[in-house]
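# Notes for the structure review
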Amino acid sequence: MTTSASDSSYIDRDFDAFCRMHSPRLIAAMRLQTGSDAYAVELAQEALMRAWKHWPEVAQMNSPEGWLFRVAYNLAHSLRRRLTLVSRFERRTDRPTSGADETLAVELKEMLAKLPRRLRQAVVLRHLVQFSVAETAEIMGCAEGTVKALTGQGLRQLRAALEPTEGEEEPMKVAPR
């Protein structure tokens, strides 16, 4: 199916109206979810980019707004997991990293390297590269249930490595920005 210039213009206007209508509420919801203006805008923009990428399908859904908000909340949840991992790492090593988006610290790379290959691959693809379960399963050549099991095992091993050792106090939790 070929899209004509007038069809493309209609799709652009339709998506533009969708963005204008839902962006303010989406940003407000993400601000309440994350407590951060910067993260709220970033998450809303990413969710809208994903909506644009799939707009012909999203526009035909019963609730395109619901899809958009679900994507944004999933992104916020993923962000929270990454920030929690970085925070645990910083508390455990007593060395702050430069931020969640920069190269992982050498010690975290070493912890990942200690995981068995399949567990490491599942954790990296799911939580660092942020592929979906289905995408990860396709890349790894296994079932989605296997990806979930491997990811869970890998995360449990990483959490265990980040737990305070005996005699070490658990530091106070710090909320993300």
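Residues numbered from 1 in each chain as written. Predicted model: local features only at pLDDT ≥ 70, side-chain atom pairs only at ≥ 80, totals over all residues. Heavy atoms only, no water.

## What to know about the overall build of the protein chain
Helix and strand content of the protein chain: eight helices and zero strands. Along the protein chain, from the amino end to the carboxyl end, the secondary structure elements read α-α-α-α-α-α-α-α. For the protein chain, the residues scored as buried account for 32% of the 177 residues in total. Per element, the accessible surface of the protein chain, about 11500 Å² overall, is 53% carbon and sulfur. (Helix = DSSP H or I, 4+ residues; strand = E, 2+ residues; numbered from the N terminus. Buried < 20%, exposed > 50% of the residue type's maximum accessible area, 1.4 Å probe, protein only. Areas by Shrake-Rupley, 256 points an atom, 1.4 Å probe, with all protein chains shown as cover.)

## As for the confidence of the model for the protein chain
The predicted model of the protein chain has a mean per-residue pLDDT of 79, with 74% of residues at 70 or higher. Taken element by element, the predicted model of the protein chain shows its lowest mean pLDDT in helix α5 (residues 106-114) (76) and its highest in helix α2 (residues 37-53) (95). Ignoring residues within four places in sequence, the model shows residues 1-6, a span with pLDDT below 50, making two contacts including any to other chains. Long-range and interchain partners of residues 168-177, a stretch whose pLDDT sits below 50, account for 13 contacts in this model, where long-range means more than four residues apart. (pLDDT = per-residue confidence, 0-100. Contact = heavy atoms within 4.5 Å.)

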